[in-house]
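# Topology and contacts: notes
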Amino acid sequence: MPLDAKYETGVVWQDFQHKQLIDLFKKIREARAQKKDKNLFRYTLAFLAMYVNHHFSLEEEYMEKYQYPAKDAHHREHQGFVKEIKAFRDENTNYSEKASEDLLNSMGEWILTHILEDDQKLGQFVLEKEQLHLRV
Ligand SMILES: [Fe+2]
Ligand SMILES: [Fe+2]
């Protein structure tokens, strides 16, 4: 399934990576509906912790490269979420119905909101910078 247009930034690597994250939550949501989310729970958390580091680093690289004016605030958002994931993993080493629901609701929602509120602005900025480079 393609990335929902509402979450697009227009930056290829950013959209690709956001899709990976959104698909991860889709998968666990579907598994929950069939009461099969237990096996996916640890995998989802481990994948999330790994992938988010990779993804945030790349966004931060671009913020640095183009001297994005809101880079510090955006960076802080990322750091806050990394801390949240770590705390969540420490508190929820094992599956429970509630932990799985919290994972979807708090972690999943954070990512969607962050894309809409922060990443789309960054994406727009990156696109503008890159178009400028192409014209030179
Ligand atoms: Fe971001
Ligand atoms: Fe992002």
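Before reading further, recall that the structure is shown in the block above.
Notes on the structure follow. Predicted, not measured: the structure shown is a model, and the values here were computed from it. Along each chain, numbering runs from 1 in the same order as the chain's sequence is written. All chains are assigned letters beginning at A, and all ligands numbers beginning at 1, according to the order in which they are written. Local features in this predicted model are restricted to residues of pLDDT 70 or higher, and side-chain atom pairs are both shown and tallied only at a pLDDT of 80 or more, whereas totals for entire chains, interfaces and linings draw on every residue. As a rule here, side-chain values cover all heavy atoms of the structure and leave hydrogens and water aside.

For every element, the axis is a line fit to its C-alpha atoms; helices are fit only across the contacting stretch, and the angle between N-to-C directions ranges from 0 to 180 degrees. A helix here means a DSSP run of H or I that spans at least four residues, while a strand means a run of E at least two residues long, and both kinds are numbered starting from the N terminus. Taken N-terminus to C-terminus, the directions of helix α2 (residues 38–65) and helix α3 (residues 71–91) make an angle of 165 degrees; their axes are 11 Å apart at the nearest point. The orientation of α2 with respect to α3, classified from their angle, is roughly antiparallel. Taken as a pair, α2 and α3 cross one another with a handedness that is left-handed. On α3, the residues that touch Phe41, Leu45, Ala46, Leu48, Ala49, Val52, Asn53, Phe56, Glu59, Glu60, Met63 and Glu64 of α2 are Lys71, His74, His75, His78, Phe81, Val82, Ile85, Phe88 and Arg89. Throughout, the ten residues Ala, Val, Leu, Ile, Met, Phe, Trp, Tyr, Cys and Pro are labelled nonpolar, Asp, Glu, Lys and Arg are labelled charged, and all others, Gly among them, are labelled polar. Of the residues that constitute the contact of α2 with α3, the class distribution is 12 nonpolar, four polar and five charged. For classification, angles of less than 35 degrees are called roughly parallel, those exceeding 145 degrees roughly antiparallel, those between 65 and 115 degrees roughly perpendicular, and all remaining angles oblique. By convention the crossing between two helices is left-handed if the near helix lies anticlockwise of the far one by an angle smaller than a right angle, and right-handed if it lies clockwise. Any two residues whose heavy atoms approach within 4.5 Å at even a single point are treated as in contact.

This part takes up the coordination of the iron ion (ligand 2). Six octahedral donors around a metal ideally sit at 90 or 180 degrees from one another, while four tetrahedral donors ideally sit at 109.5 degrees. Only N, O and S atoms count as donors, using a 2.8 Å limit from the metal and a wider 3.2 Å limit for Na, K and Ca, and since water is excluded some coordination spheres may look unfilled. Protein coordination of the iron ion (ligand 2) is provided by His18 (NE2), His55 (NE2), Glu59 (OE) and Asp119 (OD), with donor distances spanning 2.1 to 2.2 Å. Only two sets of limits are used to name each site, 85 to 135 degrees for every angle of a tetrahedral four-donor site, and over 155 degrees for opposite donors with all other angles from 65 to 115 for a square planar four-donor or octahedral six-donor site, with any other site named irregular. One way to put it: the four donor atoms around the iron ion (ligand 2) meet at angles of 85 to 173 degrees, and that makes the site irregular. Sequence positions of the residues that donate to the iron ion (ligand 2) give the spacing H-x36-H-x3-E-x59-D. Separating the iron ion (ligand 2) from the iron ion (ligand 1) is a gap of 3.6 Å, which Glu59 spans by donating to each of them. Separated by 60 residues along the polypeptide, Glu59 in helix α2 and Asp119 in helix α4 (residues 97–135) bring together distant segments of the chain.

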